[in-house]
Amino acid sequence: MNTLRKGTPLDVKYIIFQRVNTAGVPLTPQEMRHALNQGSAAIFIKELADMESFKKATNYSVESKRMQDRDFVNRFITFFIGYQDYMGDLDMFLNDKMGELNKMTSEQRDDIRVSFDKAMKCCYEIFKKDTFRKRYKQEDRRKPISKSVYDTLSVNIAWLSDEERKLLLKNTEAFKAGMIRLFNDKKFDFSITTGTGKKYNVEQRFTMVKSLIKEIISL
């Protein structure tokens, strides 16, 4: 028997939860995070997952079943507020940062909500139904949404100022062409395809997209 006292660290609770989550139908990682982070954090993530801008940007294709949509939102929030803290354990990182939401003020969460909404709208305005999907050639068929493309694009765009987003939107075609170049770059393609949670790959894709955006808004 494991006794979890009030002061038990959140990461310890998560590890124990993972170990006992074996009988019946195992919970998804997001369902475990939801169970461990009740309160403002769980409510806030659901609110963002229900936003029309998120649903539209993901073409209504990310289901709420088993909290898939909340997993996407959790990824955005985690990298948006804590990218510099990432050490390579994605599951633990997502859980830790969700826990931080409970310690934030309503004003701080509102700032995240606004940034999330702006990022979703900007991404959709640029890529339309192709948002958060890999595209190696213009004539390729539309592919499924990629979580690694999603977190990299959405967070980098959320970090921009309103003026920078306007400049990016002004050069939509150049940005889309630039993303196709990135998808065909072996280093970038590897970072969004293989071992996407590894620290090096996360830094690789975030840095390359950030550099591309900087190039485009400077046109």
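Throughout, residues of each chain are indexed from 1 in the direction in which the sequence is written. Whole-chain, interface and lining totals are the exception, using all residues; otherwise, since this is a predicted model, local features are given only for residues with pLDDT of at least 70 and side-chain atom pairs are given and counted only at 80 or more. Excluded from the side-chain calculations are hydrogens and water; all other atoms, namely the structure's heavy atoms, are used.

**Some remarks on the overall build of the protein**
We count it as follows: Put simply, DSSP H or I for four residues or longer makes a helix, DSSP E for two residues or longer makes a strand, and each gets a number counted from the N terminus. As defined in this context, the radius of gyration uses C-alpha atoms, and a globule is described by 2.2 Å times the residue total to the power 0.38. Accessibility here uses a 1.4 Å probe with only protein chains present; expressed as a share of the type maximum, an area under 20% marks a residue as buried, one over 50% as exposed, and anything in between as partly exposed. Whether two residues are in contact is decided by their heavy atoms: any pair within 4.5 Å suffices. Each accessible area is a Shrake-Rupley estimate made with a 1.4 Å probe; only the visible protein chains count as cover when residues are assessed.
Looking only at helices and strands, one finds 12 helices and zero strands in the protein. When the helices and strands of the protein are placed in sequence order, the string is α-α-α-α-α-α-α-α-α-α-α-α. Taking 17 Å as the expected radius of gyration for a compact globule of 219 residues, we find that the protein reaches 18 Å, a close match to that expectation. When its C-alpha atoms are laid out on the principal axes, the protein stretches across 60 × 35 × 30 Å. Counting across all 219 residues of the protein, residues that qualify as buried make up 48%. Long-range contacts, defined here as pairs at least 24 residues apart, represent 66% of the contacts in the protein between residues at least 6 apart. Here the protein displays about 11700 Å² of accessible surface, and carbon together with sulfur accounts for 52% of that area.

**Section: the pattern of salt bridges**
Any two side chains of opposite charge can pair, on the condition that their charged atoms come close. Filter applied, for reference: Criterion for a salt bridge: a side-chain nitrogen of Lys or Arg within 4 Å of a carboxyl oxygen of Asp or Glu.
This structure, assessed with the given rule, holds 18 salt bridges. Lys-121 is paired through a salt bridge with Asp-117; the nearest N and O atoms lie 3.1 Å apart. You can see Lys-121 and its partner Asp-117 sitting in helix 7 (residues 106-127), four residues apart, about one turn around the helix. The partly exposed category is assigned to Lys-121, whose relative accessible area is 49%. According to the relative accessible area criterion, Asp-117 is buried, its value standing at 17%. Asp-151 serves as the salt-bridge partner of Arg-205, at 3.4 Å between the closest nitrogen and oxygen. With a gap of 54 residues between them, Arg-205 in helix 12 (residues 199-217) and Asp-151 in helix 8 (residues 147-158) connect regions that are remote in the sequence. Judged by its relative accessible area of 1%, Arg-205 is buried. Judged by relative accessible area, which is 0%, Asp-151 ranks as buried. Connected via shared salt-bridge partners are Arg-33, Asp-71, Asp-91 and Lys-147.

**Topic: the packing of aromatic side chains**
In plain terms, the rule: Each pair of aromatic rings taken from Phe, Tyr and Trp, with Trp reduced to its six-membered ring, is defined by centres within 6.5 Å and is described as stacked if the planes are under 30 degrees apart, edge-to-face if over 60, and tilted in the remaining cases.
Considering all chains together, one arrives at 15 aromatic pairs under this definition. Ring centres of Trp-159 and Phe-206 lie 6.0 Å apart, and the angle between their planes is 50 degrees; this geometry places the pair in the tilted category. Of this pair, Trp-159 sits in the loop between helix 8 and helix 9 (162-170) while Phe-206 sits in helix 12, and the two are 47 residues apart along the sequence. Taking the relative accessible area as the measure of exposure, Trp-159 reaches 34% and is therefore partly exposed. Assessed through its relative accessible area of 2%, Phe-206 is described here as buried. Among the aromatic residues, ring-to-ring pairing joins Phe-79, Tyr-83, Tyr-86, Phe-93, Trp-159 and Phe-206 into one connected group.

**Some words on the nonpolar core**
To be explicit about the condition: We call a set of buried residues a nonpolar core when its members are Ala, Val, Leu, Ile, Met, Phe, Trp, Tyr or Cys and they connect through side-chain atoms within 4.5 Å of each other.
Membership of the largest hydrophobic core comes to 57 residues, with the highest contact counts inside it found for Phe-76 and Phe-175. Broken down by element, this core gets its largest block of residues, nine residues, from helix 7. With near-sequence residues (within four places) excluded, Phe-175 lies in contact with Ile-126, Phe-127, Leu-153, Ile-157, Leu-168, Leu-212, Ile-213 and Ile-216.

**Here's the deal with unusual backbone geometry**
Within the chain, Arg-66 stands out as a residue other than glycine whose phi angle is a positive 60 degrees. Among the structural elements, Arg-66 can be located in the loop between helix 4 (52-57) and helix 5 (68-82). Classification of Arg-66 as partly exposed rests on a relative accessible area of 31%. Positive phi, close to 65 degrees, is recorded for Phe-132, a residue that is not glycine. Among the secondary structure elements, Phe-132 is positioned in the loop between helix 7 and helix 8. On the basis of relative accessibility, which here comes to 0%, the residue Phe-132 falls in the buried class.

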